[in-house]
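Observations on chain architecture
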Amino acid sequence: MGLKLVIGSFCLLYACHKFVGFWRAIQSIKNHPGHRLIFSLDNIIGSLLPKIKYLSLGRNSAFLGKHDPFVLFGSDIYSVVSISNNIQTTFVLADAAAIKEVAYSRARFPKPVHHYKALTFYGRNIVASEGDEWKTYRKISAPAFSNRNNKLVWDETLQIMEGLFAEVWENKDVISVDHFLETTMLLGSGRFGKKISWTEDGVTMAPGHQMSFKEALHVVTTNFIIKIVVPKLSSGEQKPEFSNITSPKQTIQTYENMPQLTYCLAVFYEALRLFPPATTIPKISAEDTTLTTVDINGGRVNVPVPKGCHVSLSAVGLHYNPRYWEDPHAFKPERFLGVWPRDAFLPFSSGARACLGKKFAETEGIAILTMLISRYKITIKEEASFAGETFEERKERVLSTRRGMTITPVRMPLTFTRRT
Ligand code: HEM
């Protein structure tokens, strides 16, 4: 009886302590509208649970919600106060000016490096560091991303694509793949500085190894999330809107011609706008400060951001924000051909911590797109099990994503038909 009383009193005290902390956190941000939760956005238990009111926002919530939560809470900054992680307050931003202010003020809003601990299992690195350590990594890495090396990326990518067409697809007229991601994983192998052949070392096991290079890439990319959660355990017809990128003029090109492939870049950007791989970019507030945004009527809203609060730059919220993008849910590459709102485009982050490989990724992406599209017409693979589905159902199936390290397509079954 005595022990029960002690335990009961302890639980009550703990609950009161948590409640007071939670209440104070809400007061400190003047009850700025937002979610009130048990599990924070980055809590592992919360990310495994489905969406449950007041408990968890569920997996992949940042991507699935698009700009809707900002509409729900009445402005382009909303708050999330959660009891887990020692009472955590996070501000989620979809306001271009506020995001720019945060991204360009590295001292006021550094990276919360504890968020990136899972990325250090292969050692300390540029992405997971801050301060002087980060400066050292950046200084060492930056020269590798030169124009000369980007030309190399272009030439290597063309060669890898030629290898794909000749060695794997055997120049056949029609090729169907169950999941195109499997193919793109090998395309990305150039990043590992390894010249691979599609038929030899890429897919067969080298002596003294336990898996082929392709299998290794598959394990690393697919099982990344398992590694993060349990690090100890694992050391139809082409859609009409896509059809106009098949301009016959976009045949094999040289790196020097890349600036002219404006439509290809526009397609690449539009895909990144709709599906930014990093849905949110985390920062932390190093001082008591204020951010400003607007409410749905265009009125100014000042948001108090106390020191220690998390600040999440929502690439998805920004990319689907109708204040910046007309008809934001539609795939319209043309929007990137004229003048477009550069501060409202965040797939590569921005400021001092922006992606170092942006030009690398664009070069590789455009090289792959031009090679594929100039040689093949791309359609969704016809499968008997999905016969009879409507266009909208098919679109939802093929474009559905899941959250790993970044968002990835669940399954992308494609058919490539050689152009005549
Ligand atoms: C479409 C492809 C890519 C996207 C969308 C992308 C996106 C990003 C984003 C959002 C960040 C900021 C991450 C953060 O703040 O935590 C980042 C950082 C970085 N990315 Fe990329 N990236 C891409 C491709 C690449 C490639 C191909 C490379 C290298 C070959 C690369 C190298 C880096 C590096 C080194 C950083 C850290 C920069 C720093 O902190 O100073 N990225 N990337």
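Residues numbered from 1 in each chain as written. Predicted model: local features only at pLDDT ≥ 70, side-chain atom pairs only at ≥ 80, totals over all residues.

Formally: UniProt positions are given in the numbering used here, feature names are shortened, and annotations may be inferred rather than shown by experiment.
The name given to the chain in an unreviewed UniProt entry is Cytochrome P450, and the organism recorded there is Cyclocybe aegerita. Its UniProt record gives the chain the following Cofactor (unreviewed entry) comment, quoted word for word: "heme". Quoted verbatim from the Subcellular location (unreviewed entry) field of UniProt, the annotation for the chain is "Membrane".

1. With respect to the nonpolar core
Note on soluble globular proteins: their nonpolar side chains tend to be buried together. Basically, it comes down to this: To form a nonpolar core, buried Ala, Val, Leu, Ile, Met, Phe, Trp, Tyr and Cys residues must be joined through C-beta atoms within 7 Å. Any residue whose C-beta has 12 or fewer other C-beta atoms within 10 Å is treated as exposed, any with 20 or more as buried, and any in between as partly exposed, C-beta atoms being built from the backbone. Working definition: helices are DSSP H or I runs of at least four residues, strands are E runs of at least two. Numbering for both runs from the N terminus. Contact criterion: two residues are in contact if their C-beta atoms, reconstructed from the backbone, are within 7 Å.
Among the nonpolar cores identified, the biggest contains 31 residues, and Phe91, Leu93, Ile99, Val102 and Leu313 are the most heavily contacted of them. Elements represented by at least two residues in this core include exactly α3 (61-65), β2 (77-82), β3 (88-93), α6 (96-103), β7 (300-305), β8 (310-314) and α14 (315-319). If one sorts the elements of this core by residue count, α6 sits on top with five residues. Isoleucine 99 has contacts with Leu93, Leu313, Leu318 and Leu346, leaving out every residue within four places of it along the chain. Counting residues in hydrophobic clusters, the runner-up holds 11 residues, among them Val153, Cys264, Phe268 and Met371.

2. Examining the sheet that holds β2
This is how the line gets drawn: For two strands to count as paired, DSSP must find a minimum of two bridges between them. Axis definition: a line fitted to C-alpha atoms, limited for helices to the stretch in contact. Angles are taken between N-to-C directions and run from 0 to 180 degrees.
Here five strands make up an open sheet; going across it, the order is β1-β2-β3-β8-β5 and the pairing mixed. The strands lining the two open edges of the sheet, one partner per strand, are β1 (34-37) and β5 (280-284). Pairwise comparison of adjacent strand axes, ignoring direction, gives a mean angle of 20 degrees for this sheet. Its contacts with the sheet put α6 on β2, β3, β5 and β8, and the angle it makes with β8 is roughly 125 degrees.

3. Overview of the UniProt feature "binding site: heme" (unreviewed entry) in the chain
UniProt records the feature "binding site: heme" (unreviewed entry) at Cys355, using the numbering of this structure. If you trace the backbone, cysteine 355 turns up in the loop between α14 and α15 (358-375). Ignoring anything within four residues of it in the chain, the contact list for cysteine 355 reads Phe348 and Ser349.

4. Description of the sheet that holds strand β12 (residues 414-418)
In spatial order, the strands read β4-β12-β9; together these three strands make up an open sheet with antiparallel pairing. Of all the strands in the sheet, just β4 (174-177) and β9 (376-380) have a single pairing partner and so form its edges. Across the sheet, the mean angle separating the axes of adjacent strands is 20 degrees when strand polarity is ignored.

5. Quick notes on the site of the ligand
Our working rule: Nearness here is judged by the C-beta atom: place it from the backbone, and if it falls within 6 Å of a molecule or strand, the residue counts as near that partner.
The environment of the ligand is made up of 17 residues, and the closest members are Ala278, Cys355, Leu356, Gly357 and Ala361. Secondary structure elements with two or more residues in the shell around the ligand: α7 (131-141) and α15.

6. Thoughts on the packing of helix α13 (residues 262-274) against α15
Our working definition: The labels follow the angle: roughly parallel below 35 degrees, roughly antiparallel above 145, roughly perpendicular from 65 to 115, and oblique for the rest. Helix crossings are classified by the rotation of the near helix relative to the far one: an anticlockwise turn of less than a right angle makes the crossing left-handed, while a clockwise turn makes it right-handed. In the scheme used here, Gly and all other residues not listed as nonpolar or charged are polar, with Ala, Val, Leu, Ile, Met, Phe, Trp, Tyr, Cys and Pro taken as nonpolar and Asp, Glu, Lys and Arg as charged.
Contact geometry of α13 with α15 gives a least axis separation of 10 Å together with a crossing angle of 110 degrees. As the angle between them shows, α13 and α15 are arranged roughly perpendicular. Crossing angle aside, the handedness with which α13 passes α15 is right-handed. Residues Cys264, Leu265, Val267 and Phe268 of α13 form the contact with α15, whose participating residues are Glu362, Gly365, Ile366, Leu369 and Thr370. Its residues assigned to classes, the contact of α13 with α15 comprises six nonpolar, two polar and one charged.

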